[in-house]
Amino acid sequence: MATIESIPLSLSQSPEALQRVPQSFEFKLLKHRLSAGFPSPAADYAEDGLDLNDYLVRRKSATYMFTVKGNSMIGASIEEGDKVVVDRSLRPRHNDIVVAVVEAEYTIKRLYKHRGRVELRPENPAYQSMVFEEGAELEVWGVVVGVVRRYPQRG
Amino acid sequence: MAPQFALVDVNNFYVSCERVFQPKLQKVPMVVLSNNDGCAVARSNEVKALGVKMGTPWFKMKELARKHGILAFSSNYTLYGDMSNRVVSILTDFSPDIEVYSIDESFLRVESVAHLYGGLASMGQQIRERIRQWTGLPVCVGFGPSKTLAKLANHMAKKNPEFGGVCDLHAMSRLERRQWMSRIEVGEVWGVGQRINARLATMGIQTVLDLRNASPKVIRAQFGVVMERTCEELRGVSCLELEEIAPPKQQIMSSRSFGKPVECIEELQEAVATYVGRAAEKLRQQGSVSGAVYVFVQTNPFKENERQYNAGLTIPLLNPDDDTRVLIQAALRGLKIIYRTGFRYKKAGIMLTLLSDKATQQVALFNELGGGPRSARLMAAMDAVNREFGRNTLRAAVSGISNTWVMRAGSRSPCYTTRWEELPVVI
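Computed from a predicted model, the values in this text were never measured in an experiment.

Peer 1: Please set out the overall build of chain B residue by residue, giving values where relevant.
Peer 2: Each helix and strand counted, chain B has 14 helices and 13 strands in total. A compact globule built from 427 residues would reach a C-alpha radius of gyration of about 22 Å, and chain B, at 24 Å, matches this within 12%. If one aligns the C-alpha atoms of chain B with their principal axes, the spans along those axes are about 65 × 55 × 45 Å. Put simply, chain B shows about 21,300 Å² of open surface, and 53% of that area lies on carbon and sulfur atoms. Across chain B, the 54 positively charged side chains and the 41 negatively charged ones have centroids separated by 5 Å.

Right, here's the structure in full:
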């Protein structure tokens, strides 16, 4: 397993050079093993590393993920194929991006809720807002708190 | 402080899980079928209203299904398990004293925390509200001075909409409680099965109130100490504690129905070896060793025109062991003895019995394959690989590769909450 230091990286790398980069390597923050004698001076400072779950998820038992289809939220940088993180424990507020149930389908839109007006607004001029008249019920499934994307061309 | 218990139970749990992720299914009559798409193990209210009983085989209700548009789903235990964990985790926030009684039911001790929520009734409503909001699942809550009464209260909350999903027996007068008990059949009491129910009937005990008022001494003489306790619990005397840490299982069972009938012994061997592999992993997880392996085979009782054969056999081990190879060997020896040609087998299974604690195991005098540090290392490595790369990555070769006998799950819904490629889609 190669460490990150052993890979020569520079901005001028040609594609050929990139191909020589080992397929996988791992980051180990301050977890060296010394072969003899002295304990690592860093041992007391070891940390667990970064966990994306901690960053994205506040309430695990109320958090769900959806796959996005279509580009109605492109203006909010949410694209086809993205995974969105949805927290059901939050009360939806004006300007939140939400997953709502409309005609028994899930839809992701920005919630407009101001001065008695309730709308689900797309972030793409090619789409129409959905307006909810007084008395109509809007079912919000959960509030979108994050989006995750992995570029498919890198496997 | 006198103990106060809550029983929280998800309504039509499997059906409700399916509905959370498919808004289209609200109000649609539907059932979830058992392993291998056999019998209805969960029914929506619409299906209950049509008079379909729990456990009805699907083929017996196909006509009704066509008429009323009943949808059938294969069980999706991955989804149900994940949703169940969410519910338990929410309940643990309400009270740390919790016993997870089954996949959809938990008992809580609440007397020391109820005041934080403004009393039991209000706590019950908050539990309902939070579980509904965080998971989309509907629950009912019953409160009582004993586990048996909490369970009865839960039943009352479920069957009587006027309770709004929460029933607190503490809040009722003696008279009210007795009136309710006189209206509920004794068979609804926790621990009263069909057989006991029939015997109680011959003694003139038909309602919950009858059992409550029966003499505990008479009950004990007739049914033993467990029913006596039930009787005391109905009087509001708490006899059953929360079992917070599940005691290590005394036996581990692994069995399934086959997707299609199996006739040859080779396929049965593959199935049995696979089941032993699964059970042995659980055995090692709980740190036990097994003293004997029971193996059984069954034909399909619903195929009345086919010849029937059911057999099982226990094979004791020379030394209690947890080595998959040793356990498989024993199971296959048993299978060879009970196997008969000319039958179409529907189901096979194994049970690891005579379990004991591995740590206190006596040193074996004779060892063939199992026991010893080499075996322990191999099994630990196997379990680690299977945890990392998925079940059955490493297994005994005799478990087979193609597994044509594996169970049918024709219309399983996606694992919405646990698999990247099966997440629900939002447009």
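Further notes follow.
Peer 1: Go over the interface of chain A and chain B with me, naming the residues and quoting the values.
Peer 2: Facing 27 residues of chain A, the contacting portion of chain B comprises 23 residues. A combined buried area of about 2,100 Å² lies between chain A and chain B, and 56% of that area is made up of carbon and sulfur atoms. Where chain A meets chain B, there are one salt bridge. Across the pair Glu105(A) and Lys24(B) runs a salt bridge, and its minimum N-O distance is 3.5 Å. Among the secondary structure elements, those contributing two or more residues to the side of chain A that touches chain B are strand 1 (63–68), strand 2 (83–87), strand 3 (97–102) and strand 4 (105–114) of chain A. Broken down by element, the side of chain A that touches chain B gets its largest block of residues, six residues, from strand 1 of chain A.

Peer 1: Give me the sheet that holds strand 7 (residues 139–144) of chain B: which residues, what numbers.
Peer 2: Residues and elements named next belong to chain B. Here five strands make up an open sheet; going across it, the order is 5-6-1-7-8 and the pairing mixed. Lying at the two open borders of the sheet, with one neighbouring strand each, are strand 5 (98–102) and strand 8 (166–168). The mean inter-strand angle of the sheet, taken between neighbouring strand axes irrespective of direction, is 15°. Bridging between strand 1 (residues 5–10) and strand 7 involves six bridges; their strand directions are antiparallel. Bridging across to strand 7, alanine 6 finds its partner in phenylalanine 143. Against the sheet, helix 4 (residues 77–94) contacts strand 1, strand 5 and strand 6 (105–109), and its axis sits at roughly 155° relative to strand 5.

Peer 1: Any chance you could break down the sheet that holds strand 1 of chain A for me, citing the residues and the numbers?
Peer 2: The eight strands are arranged 6(A)-5(A)-4(A)-3(A)-7(A)-2(A)-1(A)-13(B) in an open sheet whose pairing can be described as mixed. Edge positions in the sheet fall to strand 6 (130–132) of chain A together with strand 13 (425–426) of chain B, since each of these pairs with one other strand and no more. As paired strands, strand 3 of chain A and strand 4 of chain A are joined by six bridges and run antiparallel to one another. The residue of strand 4 of chain A that forms the bridge with Val101(A) is Tyr106(A).

Peer 1: Help me get a handle on the packing of helix 10 (residues 216–223) of chain B against helix 11 (residues 225–234) of chain B, residues and values and all.
Peer 2: Residue and element names in this part refer to chain B. Here helix 10 crosses helix 11 at 150°, and the two axes come no closer than 7 Å. When the interaxial angle is binned, helix 10 and helix 11 end up roughly antiparallel. Considering only the axes of helix 10 and helix 11, their crossing is right-handed. Facing helix 10, whose interface residues are Pro216, Ile219, Arg220 and Phe223, helix 11 presents Val225, Met227, Glu228, Cys231 and Glu232. A breakdown of the residues in the contact of helix 10 with helix 11 according to their chemical character gives six nonpolar, no polar and three charged.

Peer 1: So what about the packing of aromatic side chains? Which residues, and what values?
Peer 2: Within this structure, the stated rule accounts for 23 aromatic pairs over all chains. Ring geometry for Tyr14(B) against Tyr77(B): centres 5.8 Å apart, planes inclined by 85°, an arrangement best described as edge-to-face. With a gap of 63 residues between them, Tyr14(B) in helix 1 (residues 13–21) and Tyr77(B) in helix 4 connect regions that are remote in the sequence. Judged by relative accessible area, Tyr14(B) falls into the buried class, the value being 15%. Considering the side-chain rings of Tyr101(B) and Phe107(B), the 5.7 Å spacing of their centres and the 70° angle between planes classify their relative orientation as edge-to-face. In this structure Tyr101(B) comes out as partly exposed when scored by relative accessible area, which is 35%. For Phe107(B), a relative accessible area of 0% gives the class buried. Grouped by ring-pair contacts, the aromatic residues Tyr64(A), Phe66(A), Tyr106(A), Trp141(A), Phe21(B) and Tyr416(B) constitute a single cluster. When the ring centre of Phe107(B) is taken as origin, the NZ or CZ atom of Lys147(B), which lies over that ring, is 4.9 Å away. Above the plane of the ring of Trp180(B) lies Arg183(B), whose end atom (NZ or CZ) is 4.7 Å from the centre.

Peer 1: Describe the pattern of salt bridges, and please don't skip the residues or the numbers.
Peer 2: Under the criterion given, the structure shown has 23 salt bridges over all chains. With its nearest N and O atoms 2.6 Å apart, the salt bridge here joins Arg109(B) to Glu111(B). Accessibility classification places Arg109(B) together with Glu111(B) in one group, the buried group. Here the salt bridges share partners, and the residues they tie into one network are Glu79(A), Asp82(A) and Arg149(A).

Peer 1: Mind laying out the side chain of Ser72(A), listing which residues take part and the relevant values?
Peer 2: Locating Ser72(A) in the fold gives a position in the loop between strand 1 and strand 2. Ser72(A) gets classed as buried once you look at its relative accessible area, which sits at 5%. A polar side-chain atom of Ser72(A) sits 3.1 Å from a polar atom in the side chain of Lys109(A). In contact with Ser72(A), not counting residues within four places along its chain, are Ile108(A), Lys109(A), Pro122(A), Glu123(A), Asn124(A), Tyr127(A) and Ile427(B).

Peer 1: Which residues make up the side chain of Ser16(B), and what values do they have?
Peer 2: Residues and elements named next belong to chain B. As for its placement among the helices and strands, serine 16 is situated in helix 1. From its side chain, serine 16 meets the backbone oxygen of asparagine 11 in a polar contact 2.6 Å long. Setting aside chain neighbours within four positions, we find serine 16 in contact with Asn11, Leu137 and Pro138.

Peer 1: Which residues make up the pairing of strand 3 of chain A, and what values go with them?
Peer 2: All names here are of chain A. Burial analysis of strand 3 places six of its six residues in the buried class, the great majority of the element. Neither face of strand 3 is left uncovered, since the one carrying Ile97, Val99 and Val101 and the one carrying Val98, Ala100 and Val102 both have all their residues buried. In sequence, strand 3 turns back onto strand 4 through a hairpin of two residues, with glutamate 103 there showing a positive phi of about 50°.

Peer 1: I'd like a rundown of the packing of helix 6 (residues 147–159) of chain B against helix 11 of chain B, residues and numbers included.
Peer 2: Residue and element names in this part refer to chain B. Close contact between helix 6 and helix 11 brings their axes to 7 Å; oriented N to C, the two are set at 65°. If you check the angle between helix 6 and helix 11, you find them roughly perpendicular. Classified by chirality, the crossing of helix 11 by helix 6 is right-handed. Judged by residue contacts, Lys147, Thr148 and Leu149 of helix 6 engage Thr230, Glu233 and Leu234 from helix 11. Looking at the contact of helix 6 with helix 11 residue by residue, the class counts come to two nonpolar, two polar and two charged.

Peer 1: Pulling in residues and values, what's your account of the environment of His68(B)?
Peer 2: All names here are of chain B. Mapping histidine 68 onto the fold places it in helix 3 (residues 62–68). Judged by relative accessible area, which is 35%, histidine 68 ranks as partly exposed. Remark: the alpha-carbon pair of histidine 68 and alanine 2, spanning 66 residues in sequence, is separated by 50 Å. Apart from the residues within four sequence positions on either side, histidine 68 is in contact with Pro29 and Leu50.

Calculation notes
The residue numbers shown here count from 1 along each chain, following its written sequence. Just so you know, chain letters begin at A and ligand numbers begin at 1, following the order they were written in. Confidence filtering applies because this is a predicted model: local features only for residues at pLDDT of at least 70, side-chain atom pairs given and counted only at 80 or more, and all residues used for totals across whole chains, interfaces and linings. By convention in this description, side-chain values take in all heavy atoms of the structure and omit both hydrogens and water. Helix and strand definitions here come from DSSP, where helices need a minimum of 4 consecutive H or I residues and strands a minimum of 2 consecutive E residues; each element is numbered from the N-terminal end. To get the radius of gyration, use the C-alpha atoms; to get the globule rule, take the number of residues to the power 0.38 and multiply by 2.2 Å. The accessible surface values rely on the Shrake-Rupley method and a 1.4 Å probe; as for residues, cover is taken only from the protein chains in view. The charge count treats Lys and Arg as positive and Asp and Glu as negative. His and the chain ends do not count. Lys charges are placed at NZ, Arg charges at CZ, Asp charges at CG and Glu charges at CD. The contact criterion used is simple: two residues touch if any of their non-hydrogen atoms lie within 4.5 Å. The term buried area refers to how much accessible surface (probe radius 1.4 Å) is lost by two components on association, counted for both of them together. The salt bridge definition used is simple: a Lys or Arg side-chain nitrogen within 4 Å of an Asp or Glu carboxyl oxygen. By the convention used here, strands pair only if DSSP detects at least 2 bridges between them. Angles run from 0 to 180 degrees between N-to-C directions of axes, and those axes are lines fitted to C-alpha atoms, restricted for helices to the stretch in contact. Angular relationships are summarised with four words: roughly parallel below 35 degrees, roughly antiparallel beyond 145, roughly perpendicular across 65 to 115, and oblique for the angles in between. A clockwise turn of the near helix away from the far one marks a right-handed crossing, whereas an anticlockwise turn of less than a right angle marks a left-handed crossing. Classification convention: Asp, Glu, Lys, Arg as charged; Ala, Val, Leu, Ile, Met, Phe, Trp, Tyr, Cys, Pro as nonpolar; all other residues, Gly among them, as polar. The aromatic pairing rule takes the rings of Phe, Tyr and Trp, using the six-membered ring of Trp, and pairs them if the centres are within 6.5 Å, calling planes under 30 degrees apart stacked, those over 60 edge-to-face and the rest tilted. Exposure classes here rest on a 1.4 Å probe applied to the protein chains alone. A residue is buried below 20% of its type maximum, exposed above 50%, and partly exposed in between. Charge-over-ring placement is defined geometrically: NZ (Lys) or CZ (Arg) within 6 Å of the ring centre, and within 35 degrees of the ring normal. N or O atoms closer than or at 3.5 Å make up a polar contact, with two conditions inside protein: a donor-capable atom paired with an acceptor-capable one, and, for residues adjacent in sequence, both atoms drawn from side chains.

These values are about where atoms sit, not about what they do.
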